[in-house]
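The residues making up each chain are set out below.
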Amino acid sequence: MTTRYNFAFFDEGSKREIRRATLKAIAIPGYQVPFASREMPIARGWGTGGLQLTLSLVGKEDVIKIIDQGSDESVNAVNIKKLVTKTTGIQETHNTTEATIIQSRHRIPEIPLKEGQILVLQVPIPEPLRYVEPSEYITKRLHADKEYSGAWLMLFEQIMKYGNMSTGADHPVSVNERYVMAPSPIPRFDNGKMNSSNALILLGAGREKKIYAIPPYTKVVSLAFEDYPFEVESFEDKRCRICGGKAVFMDELIDEKTGEKYYQCNDSSYCLEKLKSELSA
Amino acid sequence: MKLDMVHDIQRVYRKVVDCMSKPGHINNICEEASRIDLDIDFYNSTVVLMLMLLDPEVSFKIFSINEDKITKLVNQLTYAKAETVENANFIFVLRDTEEANIGKAFERGYEGSLIDPHSSATIIIESGSITKDKDLILSGPGIKDKNYVTIDLPHNWIEKRSLKNTEYPLGVDTIIVDGDSNLLCLPRTTEILKQVVK
């Protein structure tokens, strides 16, 4: 492979700085470590945090999978994948099990992750208290004091207004009984997969210049009240129209011809793998 | 053979990430360490870690009987600044240093602040052999149930480390390497108990 860039796009100094921040993030689960987010050839807010983590991690032996809201083939995923593979020459895959690094926007794959794999999540707003406190100076002090009334109040107000916790995604979690953390805008359905995960989970926010992490086998609890327990999106009685899968996170779609509502697996590679195994059986 | 500053360092970094996320898990960096062709009196694997972690943005402290000589070498290799133990980002406790200095590194190393716990020091210690024998019991994030290791170091470091890490999230993170280039990480969240034989 001939390329005018250094391996994995970055200069070694940039990688070193990101790597130091990542090691501290792993050592303090759920704590947002500031880092010098680099200018990237994609716009901030399009996955630059995740991309910087991936580029600092990736080596010649890696196999990478990049997904965007469950899809391996959406524009964001394809662009990031092209940048990584063109500057490293590594293999890419759609298969969750084959991948050593999985970079994802807003989903955790349906196929359970294995020990040794690294899940990199792209994060737009890493601060779980940002909705109640706009000042970074203050939120850092609130984290220092373990003062999370703001996060609880946000959920309480949702219950008062709508009768339940209405966080569609990014439902705050408590990590290792210390830090309240934004799990990135994954659906509530995926929050449980963070608890005691087999794989290391790294979260990168490029625009906000933060890296944080959940090591494997770490306690992650979604915030909830005794009388209003945490609930995930329910897909009971629903089946995927393509593969017949159930008990997975699904997209609700409308058939344009008949106007009927139907459901489809959100994780496209899970859906295709299931279909393939059923066809070959 | 020369160390590849891109790919060898990347491989070592991934092993350190693996160890840091699974405290007590031992990885070996012998292949990469063997590519160091410097005339030094400390472990090659420590040099690889120095090259992986240090640059002009961070500071370091060396504990060794050859402290001055090694500090100069590390500064020349990485351009990182030498600092006092209280202010250093990375503290290297080499095998030839006095036993008391291991404790001193834990006592005096910076534990960070509640606002910036990540600004704490990382202590890198050269030890005798690291094995999976059941001398120390480890628990905490990154460990499924319990992990067991034996680290050939004078035992008082465990108390000093535990004292330093009492007020989580304040604390220091530790990387331990042995003469065979085995590598082990103990982030501040890891609790260490000594196995008691009745």
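Residues numbered from 1 in each chain as written. Chains lettered and ligands numbered in written order. Predicted model: local features only at pLDDT ≥ 70, side-chain atom pairs only at ≥ 80, totals over all residues. Heavy atoms only, no water.

A. Structural detail: the overall build of chain A. Secondary structure assignment for chain A yields 7 helices and 12 strands. Each principal axis of the C-alpha atoms in chain A carries an extent, and together these give about 60 × 55 × 35 Å. Within chain A, the fraction of its 281 residues that count as buried is 57%. Considering only residue pairs separated by 6 or more positions, chain A has 60% of its internal contacts joining residues 24 or more positions apart. Total accessible area on chain A stands at roughly 12,400 Å², and carbon and sulfur atoms take up 52% of it. Of the side chains in chain A, 36 bear a positive and 37 a negative charge, and the two mean positions are spaced by 6 Å. (Helix = DSSP H or I, 4+ residues; strand = E, 2+ residues; numbered from the N terminus. Buried < 20%, exposed > 50% of the residue type's maximum accessible area, 1.4 Å probe, protein only. Contact = heavy atoms within 4.5 Å. Areas by Shrake-Rupley, 256 points an atom, 1.4 Å probe, with all protein chains shown as cover. Lys, Arg positive; Asp, Glu negative; His and termini not counted. Charge placed at Lys NZ, Arg CZ, Asp CG, Glu CD.)

B. Broad picture of the sheet that holds strand β10 (residues 220-222) of chain A. Residue and element names in this part refer to chain A. The sheet built from 3 strands is open, its strands ordered β7-β6-β10 with antiparallel pairing. The outermost strands of the open sheet, each flanked by one partner alone, are β7 (179-181) and β10. Ignoring strand direction, the axes of neighbouring strands in this sheet form an average angle of 30 degrees. Where strand β6 (residues 173-175) meets β10, 3 bridges bridge the pair, whose relative direction is antiparallel. Looking across to β10, one finds that Val-173 is bridged to Ser-222. (Pairing = 2+ DSSP bridges. Axes fitted to C-alpha atoms, helices over the stretch in contact; angles between N-to-C directions.)

C. How the structure looks around the domain arrangement of chain A. All names here are of chain A. Structurally, chain A comprises domain 1 (12-126 + 176-220) and domain 2 (234-281). For domain 1 and domain 2, the distance between their C-alpha centroids amounts to 26 Å. At the junction of the two partners, domain 1 supplies 14 residues and domain 2 supplies 10 residues. Of the roughly 920 Å² buried where domain 1 meets domain 2, counting both sides, 55% is carbon and sulfur surface. (Domains from an automatic or database assignment. Buried area = accessible area lost by both parts, 1.4 Å probe.)

D. Representation of a nonpolar patch on the surface. Residues and elements named next belong to chain A. Judged by side-chain polarity, Leu-153, Phe-156 and Met-160 come together as a nonpolar surface patch covering roughly 310 Å² of accessible area. With respect to the element layout, Phe-156 can be found in helix α5 (residues 149-162). For Phe-156, a relative accessible area of 40% corresponds to the partly exposed category. (Patch = residues over 30% accessible without salt bridge, like charges linked within 9 Å, V, L, I, M, F, W, Y side chains within 5 Å. Salt bridge = Lys/Arg side-chain N within 4 Å of Asp/Glu carboxyl O.)

E. Just the interface of chain A and chain B, in detail. The interface is formed by 41 residues belonging to chain A together with 40 residues belonging to chain B. In total, chain A and chain B occlude about 3,400 Å² of area from one another, counting both sides; carbon and sulfur atoms represent 60% of this. A per-residue breakdown of the area chain A buries against chain B is headed by Arg-20, Leu-23 and Lys-24 of chain A, which together make up 19% of the total. If you look at where chain A meets chain B, you find 8 salt bridges. A salt bridge links Lys-24 of chain A to Asp-173 of chain B; the nearest nitrogen and oxygen atoms lie 2.8 Å apart. Of all the elements in the fold, those that place two or more residues in the side of chain A that touches chain B are α1 (12-27), β1 (33-34), α2 (48-57) and α4 (136-144) of chain A. At 12 residues, the largest contribution of residues to the side of chain A that touches chain B is made by α1 of chain A. Residue composition of the side of chain A that touches chain B, grouped by class: 19 nonpolar, 8 polar and 14 charged. (Nonpolar A, V, L, I, M, F, W, Y, C, P; charged D, E, K, R; others polar.)

F. Fine view of the pairing of strand β4 (residues 90-93) of chain B. Residues and elements named next belong to chain B. Of the two faces of β4, the one lined by Phe-90 and Phe-92 and the one lined by Ile-91 and Val-93 are each fully buried. Both strand β2 (residues 59-63) and β4 contribute to a ladder of 4 bridges, which runs parallel. Within the sheet, the bridge partner assigned to Ile-62 lies in β4 and is Phe-92. Here 4 bridges tie β4 to strand β5 (residues 122-127), and the two strands are oriented parallel to one another. When the bridges of β5 are listed, Ile-91 appears paired with Ile-123. Handedness of the crossover joining β4 and β5 through helix α5 (residues 100-108) is recorded here as right-handed. (Right-handed = clockwise from strand over helix to strand, strands pointing away.)

G. Main features of the sheet that holds strand β6 (residues 130-139) of chain B. Residue and element names in this part refer to chain B. The antiparallel open sheet is built from 3 strands, whose spatial order is β7-β6-β10. With partners counted over all chains shown, the strands left at the sheet margins are β7 (147-151) and β10 (191-194), one partner each. Here the strands of the sheet are splayed against their neighbours by 60 degrees on average, with no regard to which way each runs. Packed onto the sheet, helix α6 (residues 156-164) meets β6, β7 and β10 and runs at close to 150 degrees relative to β10.

H. Focus on unusual backbone geometry. A cis amide bond links Tyr-168 of chain B with the next residue in sequence, Pro-169 of chain B, at an omega value of 10 degrees. Residue position: Pro-169 of chain B is located in the loop between α6 and β8 (173-178). Positive phi values are uncommon outside glycine, yet Lys-146 of chain A reaches one of about 55 degrees. Locating Lys-146 of chain A in the fold gives a position in the loop between α4 and α5.

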